[in-house]
Amino acid sequence: MNIKKFILFFEKYSLKLLILWMLILFVLYSALSIVRHNNFQSGAFDLGLYDQSVWQYSQFQAPFNTIKDRFILGDHLALTLPILAPLFWIWDDARILLLFQAFWVSLSILPIFLLMRNRGYSSLVALCLSFVYSLFYGIQFMVFFDFHPVAIGVGLLAWISYFLESKRWKFLWISIALLLLTQENMGLALASLGLIYLFQKKYRRIALGFIFGGFLASLVAIYIIRSLSPIGFEYAPQVDLNPVNLISNFFNSQEKQQVWLYSFSWFSFLPLLSPGAILAVSLDLSQYFLTGEAYARMWSPFMHHRAVLALLLLLGTLDAINILKAKIKPEIIAILLVIIALLLQYKFHFALNKLSKPIYYKSEKWMDDNRKLIEQIPREMSIAATQNLVPHLSHRKQIYLIYPREHEIKGNPCGRDLCWWLDFPVEAKYVMVNLSEQQTLTQLLESPQNFREAVLNMEKSGRIKLEKQIGTAHLYKVIY
């Protein structure tokens, strides 16, 4: 088959192929997040936190988040969460948020495809680059790492670009409004998008609007959060303005270097030919990389923070293809991008690779114990639980997170100066834990050994009394 017939095949079946890939991707991303949740790998941050809030909206309750002990909008200004509330009228389960996230991310391929067709690229190029975009490592790990409003923003950014270039102004302004309502840093995402379009003369005026309007929207959102939070704006940056340190802080850790490598290599480093893409990526990363050790957890390439880069890098890739097309056919470039992305997927073992591992689906006995015990816990019960149990108990007014810590305890139950103990708010009347040693530090926020010791110390001190036990899953009543 010569290249012309190959291109004609994709022209003929492009819509069917696009829909087929969207369906496949929806299944893959749904499985990736739901299997993880079912096996108690999801956490209070972020699934449990947002699940309780959306559930409260669905019950027409005030969204006071008991996990972080504040009005939810005093944490992140996620004003689009009420739109998701009707999902719980369909299925009253946290997994409906994971299904929505997989659907919304998969649907974002459509505006990406249409944008490229509007620019005059063949269906082959549009399909190939839509495929590469949809598997971007940042999107994979966003889906893998619980549910987060950033997923809503990622999809909206794709639609904003399409509506802008197709001159659908009404839908453009609606999408921008929804984006800015999604989270306080979505204004920076819009400003980053503006930096790319700033280099295209016909969009320069609106690009300036994106930049200045985006910055202003983020500043207003931060002010609102500060006024609603008992501790002010938790994520306030501390920027070192020394020019040498400023540049160094973009690269001065292994995780930061991984982000740069994974991000640009995924598009075969072509976005390096786009000044707008380089500036846009730098702006987005600056909110995490330039703000000191307090943001270290956000440097990781393996969380939701990197998903926004997908569109910015794709648009930079299109800029590069436009430069190179006089010498290399766009179809050749697009096919090479797909091949290289698949090789990187294999090399770096990004999140979707987990679906090929039988161990990922394995349900162990301690997990079955959890499921059986959770079924017996009434929803009106005020309860504290471990990080990995909270998302399974968050459809209630009072759900709290347990923090294992060392304290000086009256009566010295452990025989040492400092004893392991479970910290949780006094409002919790019950505690659910699992004492299996097969759990991890991430799931318990401490080693299984220290966690188990904390539970035993509280039992010895008479602070908790066993109510129910199924295998290694325990429900305790708190004694005050």
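Below is a short write-up of the structure. Quick caveat: nothing in here was measured; it's all calculated off a predicted structure.

The next point concerns the pairing of strand β7 (residues 430-434). Among the five residues in β7, five count as buried, and that is most of the element. Burial of β7 is two-sided: the residues Tyr430, Met432 and Asn434 facing one way and the residues Val431 and Val433 facing the other way are all buried. Judged from the three bridges that link them, strand β3 (residues 383-385) and β7 form a sheet pairing that is parallel. The residue of β7 that forms the bridge with isoleucine 383 is tyrosine 430. Alignment of β7 against strand β9 (residues 473-478), held across five bridges, turns out to be antiparallel.

The next thing to look at is the nonpolar core. With 152 residues, the main nonpolar core has Tyr29 and Met432 as its most contacted residues. Examining the composition of this core, we find that 12 residues originate from one element, helix α8 (residues 150-165), more than from any other. In this view, tyrosine 29 contacts Ala102, Val105, Ser106, Ser134, Leu135, Ile139, Gln140, Val143 and Leu352; residues no more than four positions away in its chain are not counted.

As used here, a disulfide is simply a covalent bond connecting the sulfur atoms of two cysteines. Enumeration over the complete set of coordinates arrives at one disulfide. The partner cysteine of cysteine 414 in its disulfide is cysteine 419, sulfur to sulfur 2.0 Å. Between cysteine 414 and cysteine 419 the disulfide shows an S-S torsion of about -85°. By sign, it is left-handed. When its relative accessible area of 18% is taken as the criterion, cysteine 414 is described as buried.

On to the packing of helix α14 (residues 275-289) against helix α15 (residues 309-324), then. Where α14 meets α15, the axes come as close as 9 Å, and the angle between the chain directions of the two elements is 165°. Between α14 and α15, the angle is such that the two are roughly antiparallel. The hand of the α14/α15 crossing is left-handed. The segment α14 lies against α15, with Ala277, Ala280, Val281, Asp284 and Leu285 engaging Leu309, Leu312, Leu313 and Gly316. Tallied by class, residues from the contact of α14 with α15 come to seven nonpolar, one polar and one charged.

Together, Ile328, Ile332, Leu336, Ile339, Ile340 and Leu343 make up an exposed nonpolar region whose accessible area comes to about 490 Å². Mapped onto the elements of the fold, isoleucine 340 is located in helix α16 (residues 330-348).

Of note, the bond from phenylalanine 45 into aspartate 46 is cis; its omega dihedral lies within 30 degrees of zero at 20°. Along the chain, the position of aspartate 46 falls in helix α2 (residues 44-58). The phi torsion at aspartate 69 lies on the positive side, around 55°, for a residue other than glycine. Note that aspartate 69 resides in the loop between β1 (64-65) and β2 (70-71). Notably, aspartate 146 is not glycine yet its phi reads approximately 60°, a positive angle. Relative to the assigned elements, aspartate 146 resides in the loop between α7 (137-144) and α8. Taking relative accessible area as the criterion, aspartate 146 reaches 2% and is therefore assigned buried.

Moving on, we get to the packing of aromatic side chains. Taken as a whole and assessed by the stated rule, the structure comprises 30 aromatic pairs. Ring geometry for tyrosine 262 versus phenylalanine 348: centroids 4.7 Å apart, planes at 55°, classification tilted. One end of the pair, tyrosine 262, is in helix α13 (residues 254-266); the other, phenylalanine 348, is in helix α16, and 86 residues separate them in sequence. The partly exposed category is assigned to phenylalanine 348, whose relative accessible area is 25%. Following the ring pairs from residue to residue traces out a cluster consisting of Phe136, Tyr137, Phe141, Phe144, Tyr262, Trp266, Phe267, Phe302, Phe348 and Phe350. Positioned above the aromatic ring of phenylalanine 144, the side-chain terminus of arginine 36 is 4.6 Å from the ring centre. Across from the ring centre of tryptophan 299, 4.1 Å away, lies the NZ or CZ of lysine 256, which sits over that ring.

Reading the values: the criteria
Residues numbered from 1 in each chain as written. Predicted model: local features only at pLDDT ≥ 70, side-chain atom pairs only at ≥ 80, totals over all residues. Heavy atoms only, no water. Buried < 20%, exposed > 50% of the residue type's maximum accessible area, 1.4 Å probe, protein only. Helix = DSSP H or I, 4+ residues; strand = E, 2+ residues; numbered from the N terminus. Pairing = 2+ DSSP bridges. Core = buried A, V, L, I, M, F, W, Y, C linked by side-chain atoms within 4.5 Å. Contact = heavy atoms within 4.5 Å. Disulfide = S-S within 2.5 Å. Axes fitted to C-alpha atoms, helices over the stretch in contact; angles between N-to-C directions. Parallel < 35°, antiparallel > 145°, perpendicular 65-115°, else oblique. Left-handed = near helix turned anticlockwise from the far one by under 90°. Nonpolar A, V, L, I, M, F, W, Y, C, P; charged D, E, K, R; others polar. Patch = residues over 30% accessible without salt bridge, like charges linked within 9 Å, V, L, I, M, F, W, Y side chains within 5 Å. Areas by Shrake-Rupley, 256 points an atom, 1.4 Å probe, with all protein chains shown as cover. Salt bridge = Lys/Arg side-chain N within 4 Å of Asp/Glu carboxyl O. Phe/Tyr/Trp six-rings, centres within 6.5 Å; stacked < 30°, edge-to-face > 60°. Lys NZ or Arg CZ within 6 Å of the ring centre and 35° of its normal.

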